[in-house]
Amino acid sequence: MKPKVTVRKFDAVIVGAGGAGLRAAIQLSESGFKTAVLTKVFPTRSHTVAAQGGVAASLGNSEEDHWHWHMYDTVKGSDWLGDQDAIEFMCRKANEVVIELEHYGMPFDRLDNGRIYQRPFGGHMSNFGEKPVRRSCAAADRTGHAMLHAMYQRNVKANTQFFVEWMALDLIRDQEGEVLGVTALEMETGELYAFHAKATIFATGGAGRIFHSSTNAFINTGDGLGMAARAGIPLEDMEFWQFHPTGVAGAGVLITEGVRGEGGILRNSQGERFMERYAPNAKDLASRDVVSRAMVTEINEGRGCGPNKDYVLLDITHLEPDVIMKRLPGIREIAIQFAGVDPIKAPIPVVPTCHYQMGGIPTNYHGQVVVPGKRTQNEIVPGFYAAGECACASVHGANRLGTNSLLDLLVFGKSAGETAVEELKKSPKAHKDLPADAFDRTLERLNRLNTQKDGANVHETRLAMQRTMQKHAGVFRFAHLLKEGVEKILEVQKAVNQTEIKDKSMVFNTARIEALELDNMIEAAVATMVSAEARKESRGAHVRDDCPDTPEHPNGRDDDNWLKHTLWFKEGNRLEYKSVNLRPLTVDTIPLKKRAY
Amino acid sequence: MNEPRRIRTERLRWASRRALLENDLLLQRFWQSQPEVLDDETASVLERLLALEDHDLWELLSGRRETDDPAVNELVALLRQPAVQECEPSTGD
Ligand SMILES: Cc1cc2nc3c(=O)[nH]c(=O)nc-3n(C[C@H](O)[C@H](O)[C@H](O)COP(=O)(O)OP(=O)(O)OC[C@H]3O[C@@H](n4cnc5c(N)ncnc54)[C@H](O)[C@@H]3O)c2cc1C
């Protein structure tokens, strides 16, 4: 007997209650539309809480600034892979969405004159790359947290209906390709529902947990990517992931650059200060990508530390304990808790660690999901929108600038909401009928999981995926490892298709939820590996050993062949490409140039 | 098996999914040291701990702050295992 699926109707359903989802929901609910927001965890436990650095906007409160300069920095940061129409849109909208947030009650840090205080952040410059500018707006060290609180309260006032501890499982699409909602699991009862809606917005965040070493919380399993891929939507630019050079090996927790600033030294298994060979002048203080690449080279050449020779050491034992206690106390706690070493006495195991996903579900700057069609390469998927880290607008291109992600959430969350409002106003009163097979994908998946015999262990399979991603598609990439990686990840995928859970109970079955999450993660992982293997150049965060810096191809970038977005399709594990939009909305294009700081 | 107790445990297991990786990791460690089903006493202390916002939780877990709830402080001590100095949160983007 098929399990029962209860259908609930809304004007709009939003999956995700992080920054992007909450911002979209405000737009819809305040326009009077009946809006449901589904979230796996309570809204203010979404990963946006982790953001501390701030949100970028060229308010110019402390010194002169301009959205056009911000746009230049973002295009350059993206290594010219970002779409310039979307980037102009985002940078121009920044002031508006930040001021709005202030009106929602966001407690920004302030100047004496009452205006929002702004701090400098890497990559943000004035006058087209001339000198650093103060552009980041923060609320102490709790920017993301304060942002979610302000927007959650606003949604409660506007009568947004929250479904907390509900997991969306699959997208519902009809024959014409129109999106009509999602299926979802209520964790508390284990019962299945369909949210039948005229507008469906994905704001499910990133898939950072596909890597073994990740700064992301466990919740970031890329569910939106999996749901979209299974429904035939391609994933864009998934080869581009931002890495931090020093995450605690195994745990992923960030060790800030400040540690090397205070005199921390990186060492290999022979105790050698290897950065002297790679960057004789800057040594351990060389830029993030140089340090990361050197670390990976040491590990790949067998000079890594530990039983698996898979990390290097960050040594501060030569610093006075006083200095460590005073200037780096947080780091000492992190090292003790997560590496099991007291850094006063022993060095900390570190590895380059996955931090942010630049790619995702392809959208235009209106927040509408777009796919290649008969007439254009960007045809709108009716009824479907995406915003935030799960989406690819594409403003971050091959590399994101710090503080531009929170901005992305606000601008494109709002934009997706606004566009949905416009479309809803035009739409007929009645909902389009659900197709007969609306729940099939979900029911098949659940049935498979409930009846699997002699299957694979979820935890072990996830670990195999994470190790494969880390080794074969990490921060520094090698042709032969990528090639092998594709084979290996497809092997892991077979195991994912046969996961087995012992606990078949209905209520709060965490084991089932984790198996369903793994179904989503593997799509992001395969997309990443296949896209990375295929892109035969270095650009932004995608750096290949076989595509080095040459006069013909500065930084290894090959604009003649690779100035294009990757689109990965689940069906047939196939790639297509589409052109980058180099035409901004109102200003001149920012011409191609070598990316140098 | 005591069904309400099992469900309460599972609910708390899910509530241990947090917004900050630091908290996820320490809570994961806690779960690995526990029986399949929590006793009522442990469950109710954990409930109080998990009701905190994530930054507040990390302040406790990193030893920068204590609560005035002795049972919660005791649980925090268990989670922390190697007791250490006061500290700052890791800032960064
Ligand atoms: C340590 C750290 C620090 C950072 N600092 C900064 C910073 O200072 N500035 C900056 O700009 N960026 C920063 N970033 C990046 C930024 O925080 C994220 O990119 C951003 O918060 C993502 O927001 P989001 O709304 O897209 O998703 P999230 O905040 O991750 O929210 C995702 C939501 O989707 C829900 N969800 C997911 N799957 C499902 C499902 N299947 N069913 C139901 N609900 C689901 C979740 O419950 C959650 O509510 C940082 C990232 C990290 C890791």
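As shown above, the structure is provided for reference.
Residues numbered from 1 in each chain as written. Chains lettered and ligands numbered in written order. Predicted model: local features only at pLDDT ≥ 70, side-chain atom pairs only at ≥ 80, totals over all residues. Heavy atoms only, no water.

1. Describing the nonpolar core
Membership of the largest hydrophobic core comes to 119 residues, with the highest contact counts inside it found for Leu28(A), Ile255(A), Leu266(A), Phe338(A), Phe412(A), Leu46(B) and Leu49(B). Looking at which element gives the most residues to this core, the answer is helix H11 (residues 404-426) of chain A, with 10 residues. Sequence-distant contacts of Leu266(A), defined by excluding residues within four places in its chain, comprise Arg260(A), Glu272(A), Arg273(A), Phe274(A), Met275(A), Asp284(A), Val291(A), Met295(A), Val312(A), Leu313(A), Leu314(A) and Val350(A). Within the second largest apolar cluster, 89 residues are counted, among which are Leu169(A), Ala217(A), Val371(A) and Ala527(A). (Core = buried A, V, L, I, M, F, W, Y, C linked by side-chain atoms within 4.5 Å. Buried < 20%, exposed > 50% of the residue type's maximum accessible area, 1.4 Å probe, protein only. Helix = DSSP H or I, 4+ residues; strand = E, 2+ residues; numbered from the N terminus. Contact = heavy atoms within 4.5 Å.)

2. Remarks on the sheet that holds strand S21 (residues 564-569) of chain A
All names here are of chain A. Spatially, S10-S21-S22 is the arrangement adopted by the three strands of the open sheet, whose pairing is antiparallel. Looking at the sheet topology across the chains shown, the edges are occupied by strand S10 (235-236) and strand S22 (574-579). Bridge count for S10 against S21 is two bridges, and the pairing is antiparallel. The residue of S21 that forms the bridge with Glu236 is Leu567. Strand contacts of helix H15 (residues 510-534): S10, S21 and S22, with the helix running at about 135° to S21, the strand carrying the most contacts. (Pairing = 2+ DSSP bridges. Axes fitted to C-alpha atoms, helices over the stretch in contact; angles between N-to-C directions.)

3. A word on the pairing of strand S7 (residues 166-173) of chain A
Along any regular strand, the residues point their side chains to alternate faces of the sheet. Residue and element names in this part refer to chain A. Among the eight residues of S7, seven are classified as buried, and the element is accordingly described as predominantly covered. When S7 meets strand S8 (residues 179-186), the two strands line up antiparallel, connected through seven bridges. What sits directly across from Leu171, in S8, is Val182. Remark: five residues form the turn of the hairpin made by S7 and S8, two consecutive strands paired antiparallel; Gly177 in that turn has positive phi of roughly 90°.

4. Focus: the interface of chain A and chain B
Contacts between the two partners involve 52 residues from chain A, matched on the other side by 42 residues from chain B. Of the roughly 3,900 Å² buried between chain A and chain B, counting both surfaces, carbon and sulfur atoms make up 56%. Together, Arg45(A), Phe218(A) and Gln337(A) form the three largest contributors to the area buried by chain A at its contact with chain B, with a combined 19%. For the salt bridge of Arg17(B) with Glu517(A), the shortest nitrogen-to-oxygen distance reads 2.5 Å. Taken together, the links from chain A to chain B amount to 14 residue pairs in polar contact (both at pLDDT 80 or more). The set of elements that each furnish at least two residues to the side of chain A that touches chain B consists of helix H4 (143-157), helix H10 (329-339) and H15 of chain A. By residue number, the principal contributor to the side of chain A that touches chain B is H10(A), which donates eight residues. Tallied by class, residues from the side of chain A that touches chain B come to 19 nonpolar, 20 polar and 13 charged. (Buried area = accessible area lost by both parts, 1.4 Å probe. Salt bridge = Lys/Arg side-chain N within 4 Å of Asp/Glu carboxyl O. Polar contact = N/O pair within 3.5 Å; in protein donor to acceptor, adjacent residues only side chain to side chain. Nonpolar A, V, L, I, M, F, W, Y, C, P; charged D, E, K, R; others polar.)

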